[in-house]
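Read off the chains here:
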Amino acid sequence: MQGNLPPEAQEKLEELQDLQQTAQQVAAQKQQAETELQESQTALDELDDIDEDATMYREVGELLVKTEFDEAQDDLEEKVSSLEVRVETLEKQEQRVQDQFEELQGELQQMLGGAGGAGPAGGPGAGGA
């Protein structure tokens, strides 16, 4: 089917496919960051139930290393903050890619005289946070 498309339309179609792949990668990165964020927030919440004098260990590779309560709490708070920024950045990137996808899809449909779709209207990773 692609063989009988005008060169410009074929180029747009390839760009659309690249954007779709990018959208899938961004969505996967966002999901991974959200999972890490949830785990870190859960760990931080658990610290509320732990006595500050309790002996604590942290995982470093294959080892458990003794750590202080305050250090563990500070590290988790920093990690949560960093992950929140990462998720927010990925959400913005995901929206930008989605907007580009829809714009490119519209251009391609115009080139082809408005006949037929060039892919799913929602695109990959469509959905709110």
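The residue count restarts for each chain, going from 1 along the sequence in the order it is written. Only residues with pLDDT of 70 or above have their local features reported here, since the model is predicted, and side-chain atom pairs are shown and tallied only from 80 upward, although totals for entire chains, interfaces and linings are computed over all residues. Heavy atoms from the whole structure form the basis of all side-chain values; hydrogens and water molecules are not counted.

Colleague: Is there a simple way to explain the nonpolar core in this structure?
Modeller: One recurring pattern in soluble globular proteins: nonpolar side chains tend to sit buried together. We call a set of buried residues a nonpolar core when its members are Ala, Val, Leu, Ile, Met, Phe, Trp, Tyr or Cys and they connect through side-chain atoms within 4.5 Å of each other. Think of it in three bands: residues with accessible area under 20% of the maximum for their type are buried, residues over 50% are exposed, and the middle band is partly exposed, with areas taken using a 1.4 Å probe on protein chains only. In this structure, Leu37, Leu44, Leu47 and Met56 are the most contacted members of the largest nonpolar core, which totals 13 residues. Going along the chain from the N terminus, every DSSP run of H or I of four or more residues is numbered as a helix, and every run of E of two or more is numbered as a strand. Taken together, the elements giving at least two residues each to this core come down to helix 1 (7–47) and helix 2 (69–111). When residues of this core are assigned to their parent elements, the largest contribution, seven residues, is made by helix 2. In this structure Leu44 touches Gln73, Leu76, Glu77 and Val80, once residues within four positions along its chain are discounted. Pairs of residues are marked as contacts when any of their non-hydrogen atoms sit within 4.5 Å.

Colleague: Could you clarify how one ought to interpret a nonpolar patch on the surface in this entry?
Modeller: What makes a patch is a set of residues exposed beyond 30% relative accessible area and free of salt bridges, joined within 9 Å when like-charged and within 5 Å when nonpolar (Val, Leu, Ile, Met, Phe, Trp, Tyr). Computed by Shrake-Rupley with a 1.4 Å probe, the accessible areas treat only the displayed protein chains as cover when residues are assessed. Take a side-chain nitrogen of Lys or Arg and a carboxyl oxygen of Asp or Glu: if they are within 4 Å of each other, that pair is a salt bridge. The grouping of Val60, Leu63 and Val65 at the surface amounts to a nonpolar patch, some 250 Å² of accessible area in total. Mapping Val65 onto the fold places it in strand 2 (residues 63–67).

Colleague: Explain the side chain of Thr67 here, please?
Modeller: Turning to its location among the elements, Thr67 is positioned in strand 2. With relative accessibility at 8%, the residue Thr67 sits in the buried group. Dropping the residues within four chain positions of it, Thr67 is found in contact with Met56, Tyr57, Arg58 and Ala72.

Colleague: Help me understand the environment of Glu8, please; the structure alone is not making it clear to me.
Modeller: Within the fold, Glu8 resides in helix 1. The sequence separation of Glu8 and Met111 amounts to 103 residues, and the corresponding C-alpha distance is 8.4 Å.

Colleague: I keep staring at helix 2 and nothing clicks. Help me out?
Modeller: Because each turn of an α-helix spans 3.6 residues, side chains separated by three or four positions in sequence point in the same direction. What a helix should span is 1.5 Å times the count of its residues minus one. Compared with the 63 Å implied by 1.5 Å per residue over 43 residues, the 62 Å span of helix 2 between its first and last C-alpha is a close match. Following helix 2 by one or two positions, Gly113 adopts a phi angle in the positive range, close to 75°.

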